[in-house]
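Here is how the chains run, residue by residue.
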Amino acid sequence: MSDIDSILKESRVFPPPPAFAANAHVGSLDAYRAMYQRSLGDPEAFWAEQAETLQWFRKWDRVLEWKAPFARWFDGGTLNVSVNCLDRHVVTWRRNKAALIWEGEPGDVRTLTYRQLLDEVCRCANALKAMGVGKGDRVGIYLPMVPEAAVAMLACARIGATHSVVFGGFSAEALRDRMNDATAKAVITADGGYRRGSVVPLKANVDAALEGVPSVTGVLVVRRTGSAVAMRDGRDHWWHETVDAASPDCPAEPVEAEHPLFILYTSGTTGKPKGVVHTTAGYLLGSALTTRYVFDLKDDDTYWCTADIGWVTGHSYVVYGPLANGATALMYEGAPNHPQPDRFWSLIERHRVTIFYTAPTAIRAFVRWGDEWPAKHDLASLRLLGTVGEPINPEAWMWYRRVIGGDRCPIVDTWWQTETGAIMITPLPGATPTKPGSGTLPFFGVSPEVVDQKGHPAPPGAGGYLVINKPWPSMLRTVWGDPDRYVEQYWKRFPGIYFPGDGARRDEDGYFWIMGRVDDVINVAGHRLGTMEVESALVSHALVAEAAVVGRPDDLKGQALVAFVTVQAGEKPDEALRAQLKEHVVHEIGAIARPDDIRFTDALPKTRSGKIMRRLLRDIAAGKQTVGDTTTLEDYSVLARLREDEE
Ligand code: WT7
């Protein structure tokens, strides 16, 4: 069997703008290469030097203990994440600098300075202590995107409790499973949250979930919407009563470098979600260092990552990375199209955002909604754009650069995972020439490779399996309560080497091109095609907004290519367009990738974090009933509509 065939052709290159490079933390490719070589030449010396940028109660004895696949970083050291994010800034001029600028969906705005944020974190920490929560306990956080979400995370860190944030869009069942798996002692939630103008009943979900969670003895409730909720005596406490009344002094608990900072559940393609465990020092170092270099972060930036704190991106790039750097971060509660499809552009204009980090799924939606929405706003404050979550189609990248970035802002396409804790493959915006659709080069200390089925290095240009062949500080340490699954899931396919599950190729310049999950690879007449390349060819057609390509069993070819396509707003798909699109793909990448079938649809099934669920489309393409887990699906009605279209 062959490896994965790569067929995408993309030759545009965008060097960093000279003025950007001149002021950047890393201002040339040579400077990047020198630092990268140093980081891999003597990783322990490099990481020890970087760890000096953190504040420690006690310095480490050993940088790394590696008993593959189990790592311990900075053993012997003690520190506290909240001290690194807050206390060390309030003793400097940053005490009155905005740490968080928050905007609610209804339009309310709150700003918390570093001093105010520290006081609030201490009060919350004291309230948690009064509820019997202490070092080593697990705390569930099920909140909307309100400042209290960041406060709650940092308050847990302050007392050495391990948080597990559950995305506010998840159901009561999903919350129950996660709280039971983590044997949480307390849950922090809100009476509700705003989403597209309506109220999500978070507290009611918590009440339903906790019927089956004996370990939880306390619930802390933020009043956000004012909706009526049931409060259970002895278990439930209002934030505005207990936290507001608590003392703003709470000494930070020194914890060991390897103390678990958080558990974040991530759903695999099958089976129950995995509790990815991240620890204190390595994770903090990874998120802080990448935030500084990848976003070229400066003290006068207003930085906005649009991710919800329910995802790892919200952990690393809304809360921990920016605050560890003393940055000003914008946080927004609601939907991008409320009340109108220009909400993000309005936020950027009004808050003078300089760095903007979002997901390809959002960018494709913006393209579909039309250029008139960003055109209504002055986006001149922006100097850098970022993307994460999926491979970005080159055409979506070009649109992002032109329409949002005004052909002026570099784009950092950042590859990483919940498991990696921090960005792994990425341009440095002042150093790395970018190519649309490529994550480009590895970050410091990261040693990725593309290998074939046997684990041998794949030649340049050839598709294969992405692996990481050295441990890094922010790597996951285990799957909560299930070390066997940790070994099985990530370290078995290529023994002793981390396998993230993605296909990739490396070009002649050493740039990485992620081709999607290997589970999604399609085998057409012996050619193994990554989904992303065919999808990109489709999306490069002017009338196509989004595409998902899957394989359907085929007697002749093994698998036939089925493309699900949504068209630009206002367009009516017809037979002529179907024929045109097939020819377009042949023209862009060749006959091997000609879709056998194109199905037009008004929406694609996605996870709540915006990833296309190709597994469900495979079932539909094959005319099968869906058997797998659909609880992470964002909109169930999409499946029903796709099925009806078949009839
Ligand atoms: C998977 C990880 C990391 C935060 C958000 C997602 C895909 C992520 C990129 C990118 C191509 C990407 C990969 C990866 N992915 N970023 N820039 N280019 N693919 O975290 O839910 O753990 O998903 O998302 O397939 O393995 P996650």
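Quick note: structure is the one above.
Residues numbered from 1 in each chain as written. Predicted model: local features only at pLDDT ≥ 70, side-chain atom pairs only at ≥ 80, totals over all residues. Heavy atoms only, no water.

Q: Would you explain the overall build of the chain in this entry?
A: Check the secondary structure of the chain and you find 20 helices and 31 strands. Rg of the C-alpha trace for the chain: 24 Å, near the compact-globule value of 26 Å for 647 residues, within the 12% margin. C-alpha atoms of the chain, sized along the principal axes, occupy 70 × 55 × 50 Å. Among the 647 residues that make up the chain, the fraction classed as buried is 62%. In the chain, of all internal contacts separated by at least 6 residues, the share reaching a separation of at least 24 is 71%. Element-wise, carbon and sulfur atoms account for 51% of the exposed surface of the chain, whose accessible area totals about 23200 Å². (Helix = DSSP H or I, 4+ residues; strand = E, 2+ residues; numbered from the N terminus. Rg over C-alpha atoms; globule rule 2.2 N^0.38 Å. Buried < 20%, exposed > 50% of the residue type's maximum accessible area, 1.4 Å probe, protein only. Contact = heavy atoms within 4.5 Å. Areas by Shrake-Rupley, 256 points an atom, 1.4 Å probe, with all protein chains shown as cover.)

Q: How should the nonpolar core be read in this particular structure?
A: Side chains of a nonpolar character, in soluble globular proteins, are inclined to be buried together. In this structure, Phe74, Phe295, Tyr320 and Phe444 are the most contacted members of the largest nonpolar core, which totals 145 residues. Broken down by element, the residue count for this core peaks at 10 residues, all from helix α6 (residues 147-159). Dropping the residues within four chain positions of it, Phe74 is found in contact with Trp47, Ala51, Trp56, Trp60, Arg62, Val63, Ala257, Ala281, Gly282, Leu285 and Pro473. Formed by 29 residues, the second largest nonpolar core is a distinct cluster that contains Leu330, Leu379, Leu382 and Trp397. (Core = buried A, V, L, I, M, F, W, Y, C linked by side-chain atoms within 4.5 Å.)

Q: What should I look at first to understand helix α3 (residues 43-51) in this one?
A: In an α-helix, one turn spans 3.6 residues, which is why side chains three or four residues apart end up on the same side. Taken as a whole, α3 has its buried residues at Phe46, Trp47, Ala48, Gln50 and Ala51. Close packing links the buried residues of α3 with α2 (29-41), β2 (62-67), β3 (70-75) and α10 (280-294).

Q: Can you help me understand the packing of aromatic side chains in this one?
A: For any pair of aromatic rings, the description consists of the separation of the ring centres together with the inter-plane angle of the planes. Throughout the structure, instances matching the rule amount to 44 aromatic pairs. Between the aromatic rings of Tyr317 and Tyr357, the centroid separation amounts to 5.9 Å while the plane-to-plane angle is 85°, which identifies the pairing as edge-to-face. With Tyr317 in helix α11 (residues 312-324) and Tyr357 in strand β19 (residues 355-358), this pair connects stretches of sequence that are 40 residues apart. We classify Tyr357 as buried; its relative accessible area is 0%. Ring geometry for Trp472 against Tyr498: centres 5.3 Å apart, planes inclined by 75°, an arrangement best described as edge-to-face. (Phe/Tyr/Trp six-rings, centres within 6.5 Å; stacked < 30°, edge-to-face > 60°.)

Q: Is there a simple way to think about the pattern of salt bridges in this case?
A: Pairing between side chains becomes possible if they bear opposite charge and their charged atoms approach one another. For the structure shown, the criterion picks out 47 salt bridges. Residue Arg12 pairs with Glu395 through a salt bridge whose shortest N-O separation is 3.1 Å. Residue Arg12 is found in the loop between β1 (4-5) and α1 (18-23), and its partner Glu395 is found in helix α15 (residues 394-404); the two are separated by 383 residues along the sequence. Taking relative accessible area as the criterion, Arg12 reaches 30% and is therefore assigned partly exposed. By relative accessible area, which is 28% here, Glu395 ends up partly exposed. A salt bridge links Glu546 to Arg364; the nearest nitrogen and oxygen atoms lie 2.6 Å apart. Taken together, the residues Glu546 in strand β29 (residues 544-554) and Arg364 in helix α13 (residues 360-369) connect sequence positions 182 residues apart. Here Glu546 and Arg364 have matching classes, each one buried. Residues joined by salt bridges that share partners form a network here, namely Arg62, Glu65, Lys67, Arg72 and Asp75. (Salt bridge = Lys/Arg side-chain N within 4 Å of Asp/Glu carboxyl O.)

Q: Got a minute to help me understand unusual backbone geometry in this structure?
A: Trans is the prevailing form of peptide bonds, just as negative phi is the prevailing case for residues other than glycine. Going from Ala68 to Pro69, the amide bond is cis rather than trans, its omega being -5°. Positive phi, close to 40°, is recorded for Thr183, a residue that is not glycine. One can find Thr183 in the loop between α7 (172-182) and β9 (186-190). On the basis of relative accessible area, Thr183 is assigned to the partly exposed category, the value being 41%. For Asp407, which is not glycine, the phi dihedral falls at a positive 60°. On the basis of relative accessible area, Asp407 is assigned to the partly exposed category, the value being 46%.

Q: Honestly, the pairing of β3 in this entry has me stumped. Any pointers?
A: Here is the key point about a regular strand: its side chains alternate between the two faces of the sheet. Across five bridges, the pairing between β2 and β3 is antiparallel. Note that in β3 the partner of Trp66 across the bridge is Ala71. Linkage of β2 to β3, two consecutive antiparallel strands, is achieved through a turn of two residues. (Pairing = 2+ DSSP bridges.)

Q: I keep staring at the site of the ligand and nothing clicks. Help me out?
A: Taken together, 16 residues form the shell around the ligand, and within it Asp413, Thr414, Thr418, Asp502 and Arg517 come nearest. Here Lys611 contributes a side-chain N or O atom positioned 3.2 Å from an oxygen atom of the ligand. Bound to the protein, the ligand loses 90% of the 560 Å² it would expose on its own. Taken together, the elements giving at least two residues each to the shell around the ligand come down to α11 and β26 (512-517). (Near = heavy atom within 4 Å. Polar contact = N/O pair within 3.5 Å; in protein donor to acceptor, adjacent residues only side chain to side chain.)

Q: Whenever I open this one, the side chain of Asp502 confuses me. Can you help?
A: When you line up the elements, Asp502 lands in strand β25 (residues 502-506). A distance of 2.7 Å separates the side chain of Asp502 from the side chain of Trp415, its partner in a polar contact.

Q: Just checking my understanding: could you explain the sheet that holds β19 for this structure?
A: By way of backbone hydrogen bonds, the strands of a sheet pair with one another, either parallel or antiparallel. Strand order in the open sheet formed by seven strands is β6-β5-β18-β17-β19-β20-β21, and the pairing between neighbours is mixed. Because the sheet does not close on itself, it has two edges, and the strands there are β6 (109-113) and β21 (411-413). For this sheet the average axis-to-axis angle between neighbouring strands, irrespective of direction, equals 20°. Here strand β5 (residues 98-103) pairs with β6 via five bridges, running antiparallel. Pairing of Trp102 across the sheet is with Arg110, part of β6. Its contacts with the sheet put α11 on β5, β17 (302-305), β18 (328-332) and β19, and the angle it makes with β17 is roughly 160°. The sheet contacts of α15 involve β19, β20 (384-387) and β21, and relative to β20 the element is tilted by about 155°. (Axes fitted to C-alpha atoms, helices over the stretch in contact; angles between N-to-C directions.)

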